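Chain by chain, the residues:
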Amino acid sequence: VQLQASGGGLVQAGGSLRLSCAASGRTFRTYAMGWFRQAPGKEREFVAGISWVGGSTYYADSVKGRFTISRDNAKNTVYLQMNSLKSEDTAVYYCAARQPIVVVTTDYDYWGQGTLVTVSS
């Protein structure tokens, strides 16, 4: 599975962005997907995850109620809708895939290249 993240950019605090992660391979629908982020000088952290069926979603407490993860298996794509962005959301965002279930650690088999999100205050 190859992953390509996109959609990052510069946004003002309170604004919104939608990240996309396009996957190659016919088996995409069998993978649980996660979004992680890494701010300068910090470790990579879990942001959100979605089960391979799409029926279960998971969020870090810091983004709960503001971010929404979703997937479209027909398009081999997972999304992260980010609303009410804060300066502390500034980071490089990565999508990742693993089987069979979502975990909040970085124990994922495949990673995208990352997309930078900068939130100005």
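Before any of the text, the structure's been laid out above.
Structure report, in brief. (Residues numbered from 1 in each chain as written. Predicted model: local features only at pLDDT ≥ 70, side-chain atom pairs only at ≥ 80, totals over all residues. Heavy atoms only, no water.)

1. What about the overall build of the protein chain?
So, point 1. Counting its secondary structure elements, the protein chain contains zero helices and 11 strands.
So, point 2. Its helices and strands taken in sequence order, the protein chain reads β-β-β-β-β-β-β-β-β-β-β from the N to the C terminus.
So, point 3. In terms of overall size, the protein chain behaves like a compact globule, its C-alpha atoms giving a radius of gyration of 13 Å where 121 residues would be expected to give roughly 14 Å.
So, point 4. Considering the protein chain as a whole, with its 121 residues, one finds that 45% of them fall into the buried category.
So, point 5. A fraction of 57% describes how many contacts in the protein chain between residues 6 or more apart in sequence connect residues 24 or more apart.
So, point 6. When the accessible area of the protein chain is evaluated, it comes to approximately 6200 Å², of which 48% is carbon and sulfur surface.
So, point 7. Between the mean site of the 12 positive side-chain charges and the mean site of the 8 negative ones, the protein chain shows a separation of 8 Å. (Helix = DSSP H or I, 4+ residues; strand = E, 2+ residues; numbered from the N terminus. Rg over C-alpha atoms; globule rule 2.2 N^0.38 Å. Buried < 20%, exposed > 50% of the residue type's maximum accessible area, 1.4 Å probe, protein only. Contact = heavy atoms within 4.5 Å. Areas by Shrake-Rupley, 256 points an atom, 1.4 Å probe, with all protein chains shown as cover. Lys, Arg positive; Asp, Glu negative; His and termini not counted. Charge placed at Lys NZ, Arg CZ, Asp CG, Glu CD.)

2. Observations concerning the pattern of salt bridges
So, point 1. One pass over the full model with this rule turns up five salt bridges.
So, point 2. Between Lys64 and Asp61 there is a salt bridge, and its shortest N-O distance comes to 3.2 Å.
So, point 3. Residue Asp61 is classed as exposed on the basis of its relative accessible area of 67%.
So, point 4. Shared partners join several salt bridges into a network, and the residues in it are Arg37, Glu45, Arg66 and Asp89. (Salt bridge = Lys/Arg side-chain N within 4 Å of Asp/Glu carboxyl O.)

3. Notes on the pairing of strand β11 (residues 115-120)
Two faces, one strand: in a regular strand the side chains alternate between the faces of the sheet.
So, point 1. Side-chain alternation along β11 places Thr115, Val117 and Val119 on a buried face and Leu116, Thr118 and Ser120 on a face that remains uncovered.
So, point 2. Of the strand pairs in this sheet, strand β2 (residues 9-12) and β11 are connected by four bridges, and their pairing is parallel. Along β11, the bridge assignment pairs Gln12 with Ser120.
So, point 3. With three bridges connecting them, strand β9 (residues 91-98) and β11 associate as antiparallel partners. Residue pairing for β11: Ala91 is matched across the bridge by Val117. (Pairing = 2+ DSSP bridges.)

4. Concerning the nonpolar core
If you look at soluble globular proteins, the nonpolar side chains tend to sit buried side by side.
So, point 1. In this structure, Met33, Trp35, Val47, Phe67, Leu80, Met82 and Tyr93 are the most contacted members of the largest nonpolar core, which totals 29 residues.
So, point 2. Elements that contribute at least two residues to this core include exactly β1 (3-6), β3 (17-23), β4 (32-38), β5 (45-50), β7 (67-72), β8 (77-82), β9 and β11.
So, point 3. Setting aside anything within four residues of it in sequence, one finds Met82 in contact with Gly15, Ser16, Leu17, Leu19, Arg66, Phe67, Tyr93 and Val117.
So, point 4. Core analysis: the next-biggest nonpolar cluster, separate from the first, contains seven residues, Phe46, Val102, Val103 and Tyr108 among them. (Core = buried A, V, L, I, M, F, W, Y, C linked by side-chain atoms within 4.5 Å.)

5. Section: the packing of aromatic side chains
So, point 1. Enumeration according to the criterion identifies six aromatic pairs in this entry.
So, point 2. Plain terms: the ring middles of Tyr94 and Trp111 are 6.5 Å apart, the flat faces sit at 80 degrees to each other, and that makes the pair edge-to-face. In this pair, Tyr94 sits in strand β9 while Trp111 sits in strand β10 (residues 110-111), placing the two residues 17 residues apart along the sequence.
So, point 3. Note that Arg71 overlies the ring of Phe28, its terminal NZ or CZ placed 4.6 Å from the centroid.
So, point 4. Cation over ring: Arg98 sits above Tyr108, and NZ or CZ is 5.7 Å from the ring centre. (Phe/Tyr/Trp six-rings, centres within 6.5 Å; stacked < 30°, edge-to-face > 60°. Lys NZ or Arg CZ within 6 Å of the ring centre and 35° of its normal.)

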